[in-house]
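Here is how the chains run, residue by residue.
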Amino acid sequence: MRGVFVDANESLAVIMERLEKPGDPRMRINRDADIKPEHYPAVLDGAEIAVVDHTALPTEVAKACTSLKHVVFLGTGARSYMNPEELAELGISVHLIKGYGDTAVAESAIALMWSSARVIAQMDREMRAGNWLREDGMQLTGKTLGLVGFGGIAAEVARIALGSGMKVIAWNRSPKTYPGIDFVDLDTVLATSDVVSIHLLLNDETRGMITREKIAKLKPGVILVNTARAAIVDEAAMIDALASGHIRHAGLDVFNTEPLPKDHPLTKIPNVTLSAHSAFRTPEASENLIDAAWEHCRRIVKG
């Protein structure tokens, strides 16, 4: 059984090569991170396993990959790039990797929260333009952080926030407990939190879940952080709330269109801090990610 890492950037390719062990399935690494979906059949060239970082795999394209049986997706957000149910009907199993970057993403969420609270990115932009912008920041000690969704990343966010003197509340779709955290209903999280941070997987249940009506329930002057998936939040409603000041500031790592177009409305709003879907990108997380990908491939070959 053969595999192909279809869209490897150089740093992931190097780790993939280094972590290979004797007896592993043959893995060809395609060092072109910018392949297009229509390139899949040629890149796979009859391989049964596709390791995929970020390239969409439409169902119609998958139909042309006649030998493909397994997709090892490097992360948890495969639904943003493919339809696992439709692929299953073709006999293709999609394997996800969870937990590899919990600390990395959590630290990024915390960084976006602090940067948003102290308006650091906006002051940096203004000073580079020759303007001496001085803004009052939000002091976060004693403030309430509300977590929407509570998996491994949110637990890490909670650990860091509690250690910095914040109160943490959370809502989760299934019952959870965690030391020092009050679990409440979603409307309470939205209405009482000074900072709201999104930590949900994207699926049919969560897509568009933070509606215009939910955004209206946010505490006025709230900071919104999203390192999960952009499609969970009504983008137009969020932009309107930012423009009105109902949302004080947003720290965003994920977008409906990636890369974010330079003329996108979010690039024109001063009270937004943007990062390029990079919350998970640390050497430690990449090591965990590729190690887990290899383990998936080994299990697949062993049946």
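Residues numbered from 1 in each chain as written. Predicted model: local features only at pLDDT ≥ 70, side-chain atom pairs only at ≥ 80, totals over all residues. Heavy atoms only, no water.

> I'm lost on the sheet that holds strand 11 (residues 247–252) in this one. Help?
In a beta sheet, neighbouring strands are held together by backbone hydrogen bonds and run either parallel or antiparallel to one another. An order of 8-7-6-9-10-11-12 is seen for the seven strands of this open sheet, with the pairing classed as parallel. A strand with exactly one partner marks an edge of an open sheet, and here the two such strands are strand 8 (181–183) and strand 12 (272–274). For this sheet the average axis-to-axis angle between neighbouring strands, irrespective of direction, equals 20 degrees. Pairing geometry for strand 9 (residues 195–198) and strand 10 (residues 222–226), over four bridges, is parallel. Counted as the bridge partner of I198 is N226 from strand 10. In the packing of helix 7 (residues 152–163) onto the sheet, the strands contacted are strand 6 (144–148), strand 7 (167–171) and strand 8, and the crossing angle to strand 6 comes to about 175 degrees. (Pairing = 2+ DSSP bridges. Helix = DSSP H or I, 4+ residues; strand = E, 2+ residues; numbered from the N terminus. Axes fitted to C-alpha atoms, helices over the stretch in contact; angles between N-to-C directions. Contact = heavy atoms within 4.5 Å.)

> Would you mind going over the side chain of N203 with me for this structure?
Mapped onto the elements, N203 comes out in the loop between strand 9 and helix 9 (212–216). Polar contacts involving the side chain of N203 include one to the main-chain amide nitrogen of E205, which spans 2.9 Å. The contact partners of N203, leaving out residues within four places of it in the chain, are R79 and R173. (Polar contact = N/O pair within 3.5 Å; in protein donor to acceptor, adjacent residues only side chain to side chain.)

> Looking at this structure, I do not really get the packing of helix 1 (residues 10–18) against helix 11 (residues 283–302). What am I missing?
Working note: a packed helix pair is described by the angle between its axes plus the distance between those axes. The N-to-C vectors of helix 1 and helix 11 enclose an angle of 50 degrees; their axes lie 9 Å apart at closest approach. For the element pair helix 1 / helix 11, the angle class is oblique. As for how helix 1 packs across helix 11, the hand of that crossing is right-handed. Where helix 1 approaches helix 11, its residues L12, I15, M16 and R18 are matched on the opposing element by S286, E287, I290 and W294. When its residues are assigned to classes, the contact of helix 1 with helix 11 shows five nonpolar, one polar and two charged. (Parallel < 35°, antiparallel > 145°, perpendicular 65-115°, else oblique. Left-handed = near helix turned anticlockwise from the far one by under 90°. Nonpolar A, V, L, I, M, F, W, Y, C, P; charged D, E, K, R; others polar.)

> How should I be thinking about the packing of aromatic side chains in this particular structure?
By convention here, two paired aromatic rings are described through the distance between centres and the angle between planes. Tallied over the full model, the rule gives three aromatic pairs. Pairing F73 with Y81 gives two aromatic rings, centres 5.3 Å apart and planes at 35 degrees, and the pair type is tilted. Taking 5.4 Å as the distance between ring centres and 65 degrees as the angle between the ring planes, the aromatic pair formed by F150 and Y178 counts as edge-to-face. Here Y178 lies in the loop between strand 7 and strand 8 and F150 lies in the loop between strand 6 and helix 7, a separation of 28 residues in the sequence. A relative accessible area of 4% means that F150 is categorised as buried. Cluster of aromatic residues (ring-pair linked, three or more members): F150, Y178 and F183. (Phe/Tyr/Trp six-rings, centres within 6.5 Å; stacked < 30°, edge-to-face > 60°. Buried < 20%, exposed > 50% of the residue type's maximum accessible area, 1.4 Å probe, protein only.)

> In this structure, what is going on with the nonpolar core? I would like to understand it.
Considering soluble globular proteins, one finds that nonpolar side chains tend to be buried as a cluster. Among the nonpolar cores identified, the biggest contains 32 residues, and V148, I198, I215, M238, I247 and L266 are the most heavily contacted of them. By residue number, the principal contributor to this core is helix 10 (residues 235–244), which donates five residues. Ignoring anything within four residues of it in the chain, the contact list for V148 reads W171, L186, V189, V196, S197, I198, H199, L200 and M209. (Core = buried A, V, L, I, M, F, W, Y, C linked by side-chain atoms within 4.5 Å.)

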